[in-house]
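Examining the three-dimensional arrangement
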Amino acid sequence: MNPVPARPEGTPAKRRRLSIAPGRLIVLSGPSGVGKDTVLQELFRIAPWLHYSISYTTRPPRPGEVDGVAYSFVDDARFQALRDHHELLEYAEVHGHWYGTGEARVRESLERGEDIVLKIDVQGAAWIRPRVPGAIFIFLLPPSPEELRRRLTERATESADGLELRWENARTELADQGWYDYRVVNDDVQRAAREILEIIERDRPRTDHQ
Ligand code: 5GP
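The text that follows walks through the structure, step by step, so that each part is easy to find. (Residues numbered from 1 in each chain as written. Predicted model: local features only at pLDDT ≥ 70, side-chain atom pairs only at ≥ 80, totals over all residues. Heavy atoms only, no water.)

1. Observations regarding the site of the ligand
Taken together, 18 residues lie near the ligand, and Ser 55, Arg 59, Tyr 71, Tyr 99 and Asp 121 sit nearest. At 2.6 Å, a side-chain N or O of Ser 55 approaches an oxygen atom of the ligand. Within the side chain of Arg 59, one N or O atom sits 2.6 Å away from an oxygen atom of the ligand. Look at the ligand: alone it shows 510 Å² of surface, and the protein chains cover 97% of it. When atoms are counted within 2 Å of each cavity's grid points, the one that captures over half of the ligand is the largest pocket. Put simply, the parts of the chain that give the shell around the ligand at least two residues each are β5 (88-94) and β6 (97-102). Considered class by class, the residues forming the shell around the ligand number five nonpolar, five polar and eight charged. (Near = heavy atom within 4 Å. Polar contact = N/O pair within 3.5 Å; in protein donor to acceptor, adjacent residues only side chain to side chain. Areas by Shrake-Rupley, 256 points an atom, 1.4 Å probe, with all protein chains shown as cover. 1 Å grid on protein atoms, 1.4 Å probe; cavity = no way out; pocket = protein on both sides within 12 Å on 5 of 7 lines; lining within 4 Å. Sits in = over half its atoms within 2 Å of the grid points. Helix = DSSP H or I, 4+ residues; strand = E, 2+ residues; numbered from the N terminus. Nonpolar A, V, L, I, M, F, W, Y, C, P; charged D, E, K, R; others polar.)

2. Re the layout of surface pockets
Empty space among the atoms can be located by rolling a probe the size of a water molecule over them. Looking at the largest pocket, its volume works out to about 870 Å³. Lining of the largest pocket is provided by 37 residues; of these, Lys 36, Asp 37, Arg 62, Tyr 71 and Lys 119 occupy positions nearest its centre. Contributions of two or more residues to the lining of the largest pocket are made by α2 (36-46), β5, β6 and α7 (160-175). Of all the elements, α2 adds the most residues to the lining of the largest pocket, at six residues. Looking at the lining of the largest pocket, its residues break down into 14 nonpolar, 11 polar and 12 charged. (Points joined across faces, edges and corners; volume = space filled by probe spheres on them.)

Next up, the structure:
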């Protein structure tokens, strides 16, 4: 039984939109093991002006993960409080843990005219889509399902159970990516990062202060 209750239908989406802000929101999703972190690292190296939204998660830190860098690591009670106080732009349960985007940080960035990148799953992305018109949705794909399976197996951070769960979720995520604006294949980290940057630079549908 997960201690964080299910989201009441429609709650975050009914709140005010972020559409008047001048910055752009870039949402990157992709199945576990596809290489989102490595590609993002390269993206921020070649485009250091981009900002990153550090998510909250109830997942325990992996070896080497520092609080406040990859994630803000919180317990279930804190996550529930953030959610109940409407401090999350979106949130979702992924691989048995809760993940969520702090709304204030994103709002402040967008209001300052900064472009901010979110690395979130397809459920969270689907919640954001109606709330942030003009956001750019990019889905990172593996060169093949077999290659994804190989990368997931190589990743020694997960238990056998975690691996199977991530593989199942990866298949669901791959099936749910139809509505994304762009698909980028991670066949080469530098190439994929460059392609994402080109998309960001090309696709400048500013939110137009509607
Ligand atoms: P990991 O635990 O491997 O770092 O991330 C697992 C999954 O959680 C990834 O698919 C990642 O995109 C997703 N995720 C990370 N942060 C967030 C978030 O703030 N919101 C949502 N909805 N998903 C997130």
